Amino acid sequence: MTVTGGVLQAVPALPSAADTAVRLLARGDDEPPVTLLRDPAREAARRELSKQMYHENDPSWLQRALEAFWDWVDDLLGAASTATPGGALGLVVIVVAALAVGAALWWRLGIPRRRPVTAPALFDDRPRSAAEHRAAAEAHAAQGHWNQAVQERMRAVVRALEERALLDPRPGRTADEAAAEAGRALPAHGDRLRTAARDFDDVTYGGRTASEDTYRGLAALDGDLERAKPALAGSGGAHPDARQGAAG
């Protein structure tokens, strides 16, 4: 290695762009400097750095997206903690309180479901007798399927009233309509009939879960209605065929 004019002459091999730059610096003091154009040098550096060997360890697009997301969350929480009384601790308290309120509402109200504007018909297209509905209800109850048991027992109640001519057989009748009509013929049981219809709607359309007590109460109502005497037409607006049905 020799030195001319105080400038290093011999250097190790370097990549093309850097090698050119070193050679230019290595010129003697008696030679005029050569000026490289800025754009070609920048382009050469860009081509060199675009090679795959320099990007083998770069993060994937998913990693970059996650890092950007967490940076955004960090900035958001930082801004919120600054604006919240008590700083970060106050923000944590507010979040925990909100979660507790949400959990309490979910536990109390259950999963919200939209009830239909018009309740579907109580019965399906295949007519069955009250005895058949009672047998189906008892079969479901024996297996602990209380929702289905409540549904079938309510159908048995309404079908039995139709069989006694206390209700006119009418396709498309809802549980609420049946309870209101039966309550006029059997006013002493009106409140229990409306409660039974509400229980039927809750488990059928409201997403609620029936209990054994709900079913047992409905079964007791079914038995009481079997023994009940309808009100006279002049004393409460009984069904026109009530007395004939009761006698039969």
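Calculation notes
- Once a new chain begins, its residue numbering starts again from 1 and follows that chain's sequence as written.
- Selection of residues for local features in this predicted model requires a pLDDT of at least 70, selection of side-chain atom pairs for listing and counting requires 80 or more, and totals for whole chains, interfaces and linings are taken over all residues.
- As a rule here, side-chain values come from all non-hydrogen atoms in the structure, and water together with hydrogens is ignored.
- Secondary structure elements are taken from DSSP: a helix is a run of H or I of four residues or more, a strand is a run of E of two residues or more, and numbering for both begins at the N terminus.
- Expected helix span is taken as 1.5 Å per residue step, with the number of steps being one fewer than the number of residues.
- Only protein chains enter the calculation, and the probe is 1.4 Å; a residue is then buried if its accessible area is under 20% of its type maximum, exposed if over 50%, and partly exposed in between.
- Each C-beta atom gives one direction from the helix axis, and the arc is the one those directions make.
- Note on contacts: a residue pair qualifies if any of its non-hydrogen atoms lie within 4.5 Å across the two residues.
- In this charge count, Lys and Arg are treated as positive and Asp and Glu as negative; neither His nor the chain ends contribute.
- For salt bridges, the criterion is a side-chain nitrogen of Lys or Arg within 4 Å of an Asp or Glu carboxyl oxygen.
- Pairing of N or O atoms within 3.5 Å defines a polar contact, subject to two protein rules: one partner must be a possible hydrogen donor and the other a possible acceptor, and residues neighboring in sequence count only if both atoms are side-chain atoms.
- In this description, a line fitted to the C-alpha atoms serves as the axis of each element, helices being fitted only across the stretch in contact, and the angle between N-to-C directions of two axes falls anywhere from 0 to 180 degrees.
- By definition in this entry, angles of less than 35 degrees are roughly parallel, angles greater than 145 are roughly antiparallel, angles of 65 to 115 are roughly perpendicular, and the rest are oblique.
- Crossing handedness follows the turn of the near helix against the far one: under a right angle anticlockwise gives a left-handed crossing, and clockwise gives a right-handed one.
- Amino acid classes used here: Ala, Val, Leu, Ile, Met, Phe, Trp, Tyr, Cys and Pro are nonpolar; Asp, Glu, Lys and Arg are charged; the rest, including Gly, are polar.

Caption draft 1: Expanded view of helix α9 (residues 212-227). Helix length check: α9, at 16 residues, gives a terminal C-alpha distance of 23 Å against a target of 22 Å (1.5 Å per residue), a fit within 8%. Burial in α9 covers these residues: Tyr215, Leu218, Ala219, Leu221, Asp222 and Leu225. Down the axis of α9, the smallest arc covering the buried residues is 155°, so these residues share one side. For α9, the exposed residues lying more than 90 degrees away from the buried face are Asp213 and Arg227. Next to the buried residues of α9 lie α5 (130-142), α6 (146-163) and α8 (190-204).

Caption draft 2: Highlighting the side chain of arginine 164. Locating arginine 164 in the fold gives a position in the loop between α6 and α7 (175-185). Buried and unpaired, arginine 164 has glutamate 226 as its nearest opposite-charge partner, separated by 5.0 Å. There is a polar contact of 2.5 Å between the side chain of arginine 164 and the backbone oxygen of leucine 225.

Caption draft 3: Spatial organisation of the packing of α5 against α9. Contact pair α5 / α9: the axes reach a minimum separation of 12 Å and the direction vectors enclose 155°. When the axis of α5 is compared with that of α9, the two are roughly antiparallel. Crossing of α5 against α9: the hand is left-handed. Taking contact as the criterion, the partners of Arg134, Ala137, Glu138 and Ala141 in α5 are, on α9, Tyr215, Asp222 and Glu226. Tallied by class, residues from the contact of α5 with α9 come to 3 nonpolar, no polar and 4 charged.

Caption draft 4: Seen up close, the packing of α5 against α6. For the pair α5 and α6, the least separation of the axes is 8 Å and the interaxial angle reads 165°. With respect to α6, the axis of α5 lies roughly antiparallel. In this structure, the crossing between α5 and α6 has a hand that is left-handed. Between α5, through Ala130, His133, Arg134, Ala136, Ala137, Glu138, His140 and Ala141, and α6, the contact on the second element is made entirely by Trp146, Gln148, Ala149, Glu152, Arg153, Arg155, Ala156, Arg159, Ala160 and Glu163.

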